[in-house]
Amino acid sequence: MNTIDPDGADIVVPLYRAAHGRTGDKGDRSNISVIAWHADLWPLLVEQITPEAVATQFRHRAPSRVQRFVMPTLQAMNFVLDAVLDGGVNDARNLDTHGKSLSFLLLDMPLRVPTALRHRLVGPDAG
Amino acid sequence: MTDPAPSTVTAPSLLIGCAAGFSGDRTDVAAAVVDTLIARLGPIAPATGSDPTAPPALPRAFLIFETLAERTLALAQLRRRADPEAGYEPLLDLMLRPVLARCLAHGVGIVSNFGAANPRAAARHILRLARELDLPAPRIAVLEGDDLSAPGFRDLLRERIGATLDDLRIVSANAYIGAEPIAAALRAGAQIVVCGRVADPSLTVGPAMAHFGWAADDWEKLGRATMAGHLLECGAQVCGGYFADPGFKDVPGLDQVGFPIAEIDAEGRCTIGKSEGTGGFVNEATVKEQLLYEVHDPAAYLTPDVVADIAEASVSVVGADRVALAGVRGHARPTHYKVNVCHEGGWLAEGEISYAGARAEGRARLAADVLRERLPALDLRVDLIGAVSILADDTGRMLAATPDAGVRDVRLRVAATHHDRAVAETLGREVTALYTCGPAGGGGVRCSLTPRLNTISCLVPRDAVPVGFEMIREAA
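The structure displayed is predicted, hence computed values, not measured ones. (Residues numbered from 1 in each chain as written. Chains lettered and ligands numbered in written order. Predicted model: local features only at pLDDT ≥ 70, side-chain atom pairs only at ≥ 80, totals over all residues. Heavy atoms only, no water.)

Enquirer: Hey, could you run me through the packing of helix H8 (residues 202–212) of chain B against helix H9 (residues 219–232) of chain B in this one?
Expert: Relative placement of two packed helices is described by the angle separating their axes and the distance separating the axes. Residues and elements named next belong to chain B. Axis separation between H8 and H9 bottoms out at 7 Å; the angle between their running directions is 135°. The angle between H8 and H9 falls in the class oblique. Where H8 crosses over H9, the handedness of that crossing is right-handed. Of H9, the residues touching H8 (which contributes Thr-204, Val-205, Ala-208 and Met-209) are Leu-222, Ala-225, Thr-226, Ala-228, Gly-229 and Leu-232. (Axes fitted to C-alpha atoms, helices over the stretch in contact; angles between N-to-C directions. Helix = DSSP H or I, 4+ residues; strand = E, 2+ residues; numbered from the N terminus. Parallel < 35°, antiparallel > 145°, perpendicular 65-115°, else oblique. Left-handed = near helix turned anticlockwise from the far one by under 90°. Contact = heavy atoms within 4.5 Å.)

Put into structure tokens, the structure is as follows:
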């Protein structure tokens, strides 16, 4: 998924190379953390991983609301997605009724990274 | 930023280890947690001038087991219906047997919600276990008040939920109660506190309240201790469990991953470490992931004890596998308890069949089409495991938007719910019939039919739910 931007200044990488996170659930509500791997990458996350972008990434689950909480002291964001668990652990027909795997859907979002910050990314370049 | 400077006259800090993060967690992990607690406590001071009328000393450290998830309690209630002596954590014996003697000998208290739907029966089991191990009978307290399933609470629940309650077959109704009765039980001399539904962090806050003598409205301290409890309550999840992602997040020794130990000071601040001689690690990344786990608004993490606030929290490494949490605040607790009401929800029918080799995905998709035609009374969820499944949705939007990619190893899974068992059963019969009537080469049919439990939540005023504890002394 790594592609070189036409102007040569940015690369586009999957979010999981710049951040990590975990999913939690309560009822039909999912929360997904997005935590910067490095302080230099943090502003990119805040700028690009917006509630609107996350709602688009989860459009097939039709969230009724996506809230984003920004925590600069942790360099982390918490996304709260309502009504994305097909009813939640007791109601959904999904195999993963908790939505435990949803952090990997969020962390698949594309992130534009200046080439100068490439060395801050985690994992192999081809990842 | 809001943390007070360390005071010059500090009470000794409190060690709390966690040896289970859910019902079904590993049962061979508590020994390393207890060994680490005992090593850090040092030898027990010899009893001086022992006065038989003096109140028993508080435990010097604590071991907690968190074993109740949202649906665990309803399942426990069903077991209790079938057997009045059941309904507590089925792994209780396996969890406690390896460590009970050492905990009692070294003054390590035990606090857990492993009482589930039947804390008294759990306490009787522990007394039997102690006898079997030739130990003196431990002082066990059971918490009371969380179980609202008795008919006497029906009017209260109807008032909060509405008339729909009358149409439901209630399985369980439990309030998430808090740390105060745990602390009271410990002050009264309990060595072991057996709870049913308490808020997970309260398993930590209760011992801290008793140990430091905090008031129930010391919000800042309760807020900090609550987040210590939050970091502990999922066991290995703060020690490298549920974290590994090869090539990106490599974790050493995951097969022997350690369990967490929090050191809590008199202000409620905590440092998280882990059991000695185990795998995994505790670092900024593992602590941040767990800190935000199941949190919604970070400025308002609601528990029965306090509204904890991590909006300006920070973490820092203070040693090998040691991370300090700072900047946590606390605000006045909610006026209401959260109550989960579980009720019977009909039947979940599931069926699976596999296709492999050339055009496997196409054959699986055809099988799904056949099932949709054959089962018009059921709203089918369709998964093509190996192609599109886990991240998809019950309505089938993602599946419909995903073209056949020619996957060569696909397991078709279909699932549906229905209130009528006879209708639900037709799903399994139709999946099985694919053996002879479906596409070529289908194999490995597995079908199941499971009673469903659904949950409704409501809030009830605290004063409508009397809570307390009772010391259990009699042997079974």
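Enquirer: How should the interface of chain A and chain B be read in this particular structure?
Expert: Accessible area lost when the parts come together is the quantity often used to give the size of an interface. The interface is formed by 44 residues belonging to chain A together with 50 residues belonging to chain B. Across the interface of chain A and chain B, roughly 4100 Å² is buried in total on both sides, 54% from carbon and sulfur atoms. Arg-93 of chain A is paired through a salt bridge with Asp-379 of chain B; the nearest N and O atoms lie 3.4 Å apart. Between the two partners, chain A and chain B, sit 26 residue pairs in polar contact (both at pLDDT 80 or more). Listed by contribution, the elements that provide at least two residues to the side of chain A that touches chain B are strand E4 (23–26), strand E5 (29–36), strand E6 (65–71), strand E7 (76–82) and helix H3 (102–106) of chain A. Within the side of chain A that touches chain B, the residues separate by chemical class into 18 nonpolar, 15 polar and 11 charged. (Buried area = accessible area lost by both parts, 1.4 Å probe. Salt bridge = Lys/Arg side-chain N within 4 Å of Asp/Glu carboxyl O. Polar contact = N/O pair within 3.5 Å; in protein donor to acceptor, adjacent residues only side chain to side chain. Nonpolar A, V, L, I, M, F, W, Y, C, P; charged D, E, K, R; others polar.)

Enquirer: How should the sheet that holds strand E11 (residues 314–319) of chain B be read in this particular structure?
Expert: Sheet strands line up and pair through hydrogen bonds in the backbone, either parallel or antiparallel. Residues and elements named next belong to chain B. The mixed open sheet is built from 10 strands, whose spatial order is E11-E12-E8-E7-E1-E2-E3-E6-E4-E18. Edge positions in the open sheet fall to E11 and strand E18 (468–472), since each of these has one partner strand only. On average, each strand axis in the sheet is tilted by 25° relative to the strand beside it, whichever way the strands run. Pairing of strand E8 (residues 270–274) with strand E12 (residues 322–326), which is carried by three bridges, proceeds in the antiparallel orientation. Residue pairing for E12: Cys-270 is matched across the bridge by Leu-325. (Pairing = 2+ DSSP bridges.)

Enquirer: What is the right way to read helix H1 (residues 30–41) of chain B from this model?
Expert: Structural remark: α-helix, 3.6 residues per turn; residues separated by three or four positions point the same way. All names here are of chain B. Across its 12 residues, H1 extends 16 Å between first and last C-alpha, which sits within 8% of the 16 Å expected from 1.5 Å per residue. Restricting attention to buried positions, one finds in H1 the residues Ala-30, Val-33, Val-34, Thr-36, Leu-37 and Ile-38. Just downstream of H1 lies Gly-42, where phi reads positive at about 80°. (Expected span 1.5 Å × (residues − 1). Buried < 20%, exposed > 50% of the residue type's maximum accessible area, 1.4 Å probe, protein only.)

Enquirer: Mind showing me how you'd approach the pattern of salt bridges here?
Expert: If the charged atoms of two oppositely charged side chains come close together, the side chains can form a pair. Following the criterion strictly, the structure yields 36 salt bridges over all chains and no others. Its salt-bridge partner being Asp-383 of chain B, residue Arg-413 of chain B comes within 2.8 Å of it at the nearest N-O pair. A residue pair is termed long-range when its members are at least 10 positions apart, and Arg-413 of chain B in strand E16 (residues 409–418) and Asp-383 of chain B in strand E15 (residues 381–385) qualify at 30 residues. We note that Arg-413 of chain B, like Asp-383 of chain B, is buried. Within this structure, Asp-86 and Arg-93 of chain A together with Glu-350, Asp-379, Arg-381, Asp-383, Asp-394 and Arg-413 of chain B form a network of salt bridges that share partners.

Enquirer: Sorry, what's going on with the packing of aromatic side chains here?
Expert: Where two aromatic rings form a pair, the distance of their centres and the angle of their planes describe that pair. In this structure the tally under the stated criterion is four aromatic pairs over all chains. For the ring pair Tyr-16 of chain A and Phe-248 of chain B, a centre distance of 5.3 Å and an interplane angle of 90° mean the geometry is edge-to-face. Of this pair, Tyr-16 of chain A sits in the loop between strand E2 (10–14) and strand E3 (19–20) while Phe-248 of chain B is found in the loop between H9 and strand E7 (260–264), placing the two residues in two different chains. Assessed through its relative accessible area of 23%, Tyr-16 of chain A is described here as partly exposed. Ring centres of Phe-243 of chain B and Phe-281 of chain B lie 6.0 Å apart, and the angle between their planes is 80°; this geometry places the pair in the edge-to-face category. In this pair, Phe-243 of chain B is assigned in the loop between H9 and E7 and Phe-281 of chain B in the loop between E8 and helix H10 (284–291), connecting sequence segments 38 residues apart. Phe-243 of chain B gets classed as buried once you look at its relative accessible area, which sits at 4%. Lying across the ring of Phe-243 of chain B, Lys-249 of chain B places its NZ or CZ 4.2 Å from the centre. The side chain of Arg-421 of chain B reaches across the aromatic face of Trp-347 of chain B, ending 4.5 Å from its centre. (Phe/Tyr/Trp six-rings, centres within 6.5 Å; stacked < 30°, edge-to-face > 60°. Lys NZ or Arg CZ within 6 Å of the ring centre and 35° of its normal.)

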